[in-house]
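A look at the structure
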Amino acid sequence: MNMFPTKVTILHRLLQFRHPFWSCPSLGKAPCSRLVLGIETSCDDTGAAVMDETGELLGESLHSQKQVHLRTGGIIPTVAQQLHRDNIERVVQEALERSGTDPSRLSAVATTVKPGLGLSLGVGLEFSQRFVRQHNLPFIPIHHMEAHALTVRMLQPVAFPFLVLLVSGGHSLLAVARGVDDFLLLEHPQCSTLSGGQAIELLAKDGDRTRFPLRTPMGKTYDCCFSFAGLRNQVNMLIVKKEAEEAATQHTVASHLAKRTHRAILFCKAIGLLPSSAPTLVLSGGVASNQYIRKALTLITDTTGLRLLCPPAKLCTDNGVMIAWNGVERLREGKGILPPYVDVSYEPKARLGVDMTAEVKAAAIRLPSVRMKIPD
């Protein structure tokens, strides 16, 4: 089912839907402060937060699955799903209690519905739809990367348009943010929308399959069962060894991000996508808390005359606060707000905005030399 149903269906349901959000305050009376509950379950963090429309955080709660997944060597979707199910009700209740907010005082619920792990997204969406229907509240579906992009506007005034580099474990991209729901996608890594198997296949095409002497698992087990635990351990040991041997890994990653961002800046300037006065680059997403990457990008923004803004590390990782803020931004502008009984589907893969990667490639911008001498 489509995320946004037909206009006829929405209008029909709006006629049956009554909520304070849809009615304007009486003339001469001060409007009530509208409150948004944000819910995040796109990967391995269960987060919830309550925020008013000025951006003041009233209460939040976060349950991290990190330690569980570290023990298994990676995120297992079914495990993540069950942990979300086990914790989402408590996390939401804690956010409401810490904010001193009864559900009847909420003006809307905003929830991540794309992109992310399908099983995880499904838990948050299912809970949210039950919640909004129980309490007759408007529902605001949220794009996870849109929320990361807009987080900095919660902390300080950042006018549109601005360039944003979103770097997270599963999704990374460069885009121009022109409005709350208006993005131009400039570049995204080749594997950002691929599953693990697809990404390995793509990258292996240009690799050397004989470089590392990996042993086939279960060579002395005489049955037809499968187990990749031994192979995973071999690969993990290789990674640890190579990281210890090559301090250049982080530098190379940071330099790559910086150079691609440099090209995006030059492209935006060439066709007037950024303001001539005080243009801004926003760095956000989980990996954005890496200080070395921030220093690398500072070299580029200093060279090109942009200011670099980054949310604090706590707000770079997944959390309910950024979802609540995205909901507030959409609530203010009346964008993407649905009645409670409209069916919504989650989307594990979802592009952000209008794709302009072909135009960037066609521009064939050659980068001037910038010495990437990044201080430790």
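Residues numbered from 1 in each chain as written. Predicted model: local features only at pLDDT ≥ 70, side-chain atom pairs only at ≥ 80, totals over all residues. Heavy atoms only, no water.

Describing the packing of helix α3 (residues 77-99) against helix α4 (residues 118-135)
Two elements in contact, α3 and α4, have axes whose closest approach is 8 Å; the angle formed by their N-to-C orientations is 35°. By crossing handedness, the relation of α3 to α4 is classed as right-handed. Residue-level inspection shows Pro77, Thr78, Ala80, Gln81, His84, Arg85, Ile88, Glu89, Val92 and Leu96 of α3 in contact with α4, the latter providing Leu119, Ser120, Val123, Gly124, Phe127 and Phe131. Here the residues of the contact of α3 with α4 are counted per class, giving nine nonpolar, five polar and two charged. (Axes fitted to C-alpha atoms, helices over the stretch in contact; angles between N-to-C directions. Helix = DSSP H or I, 4+ residues; strand = E, 2+ residues; numbered from the N terminus. Left-handed = near helix turned anticlockwise from the far one by under 90°. Contact = heavy atoms within 4.5 Å. Nonpolar A, V, L, I, M, F, W, Y, C, P; charged D, E, K, R; others polar.)

With respect to the state of the cysteines
One pass over the structure, following the stated rule, counts zero disulfides. Distance from the sulfur of cysteine 310, which forms no disulfide, to the nearest cysteine sulfur (cysteine 316) is 6.9 Å. Since its relative accessible area comes to 22%, cysteine 310 is described here as partly exposed. (Disulfide = S-S within 2.5 Å. Buried < 20%, exposed > 50% of the residue type's maximum accessible area, 1.4 Å probe, protein only.)

Regarding the pattern of salt bridges
Using the criterion set out here, one finds 13 salt bridges in the structure. For arginine 130, the salt bridge identified is with glutamate 126, shortest N-O distance 3.6 Å. Taken together, the positions of arginine 130 and glutamate 126, both in helix α4 and four residues apart, correspond to about one turn of that helix. Note on arginine 130: relative accessible area 49%, which makes it partly exposed. On the basis of relative accessible area, glutamate 126 is assigned to the partly exposed category, the value being 46%. Because the salt bridges share partners, they merge into one network encompassing Arg90, Glu94 and Arg98. (Salt bridge = Lys/Arg side-chain N within 4 Å of Asp/Glu carboxyl O.)

Topic: unusual backbone geometry
Most of the time, phi is negative for any residue but glycine, and the peptide bond is trans. Across the junction of lysine 114 and proline 115, the peptide omega takes the value -25°, indicating a cis bond. With respect to the element layout, proline 115 can be found in the loop between β4 (108-114) and α4. Residue asparagine 136 is not a glycine yet carries a positive backbone phi of 55°. Considering the arrangement of structural elements, one finds asparagine 136 in the loop between α4 and β5 (139-143).

Some details on the nonpolar core
Ranked by size, the top nonpolar core spans 35 residues in total, and within it Met51, Ile140, Val164, Leu166, Leu173 and Phe183 carry the most contacts. Contributing elements (two or more residues each) for this core: β2 (45-52), β4, β5, α5 (144-155), β6 (162-167), β7 (172-179), β8 (182-187) and α11 (320-333). A total of seven residues in this core trace back to one element, the largest contributor, which is α11. Split by domain, this core shows at least three residues from each of two domains, domain 1 (36-148 + 319-350) and domain 2 (157-314 + 355-363). In terms of nonpolar packing, the next biggest core, distinct from the first, is built from 31 residues, Leu281, Leu283, Met356 and Ile374 among them. (Core = buried A, V, L, I, M, F, W, Y, C linked by side-chain atoms within 4.5 Å. Domains from an automatic or database assignment.)

Thoughts on the packing of α5 against α11
Helix packing geometry: the angle between the two helix axes and the distance between the axes. Contact pair α5 / α11: the axes reach a minimum separation of 8 Å and the direction vectors enclose 80°. Between α5 and α11, the angle is such that the two are roughly perpendicular. From α5, His144, Glu146, Ala147, His148, Leu150, Thr151, Arg153 and Met154 reach across to α11, where they touch Val321, Met322, Ile323, Trp325, Asn326, Glu329 and Arg330. (Parallel < 35°, antiparallel > 145°, perpendicular 65-115°, else oblique.)

Quick word on the packing of aromatic side chains
For the coordinates displayed, the defined rule picks out two aromatic pairs. Ring geometry for phenylalanine 127 and phenylalanine 131: centres 6.1 Å apart, planes at 25°, overall stacked. Here phenylalanine 127 and its partner phenylalanine 131 are both found in helix α4, four residues apart, which amounts to about one turn of the helix. Classification of phenylalanine 127 as buried rests on a relative accessible area of 10%. Taken together, a centroid distance of 5.6 Å and an interplanar angle of 15° make the contact between phenylalanine 160 and phenylalanine 162 stacked. Residue phenylalanine 160 is classed as partly exposed on the basis of its relative accessible area of 24%. In this structure phenylalanine 162 comes out as buried when scored by relative accessible area, which is 0%. (Phe/Tyr/Trp six-rings, centres within 6.5 Å; stacked < 30°, edge-to-face > 60°.)

From the geometry alone we can't say anything about function, so treat these as descriptive.
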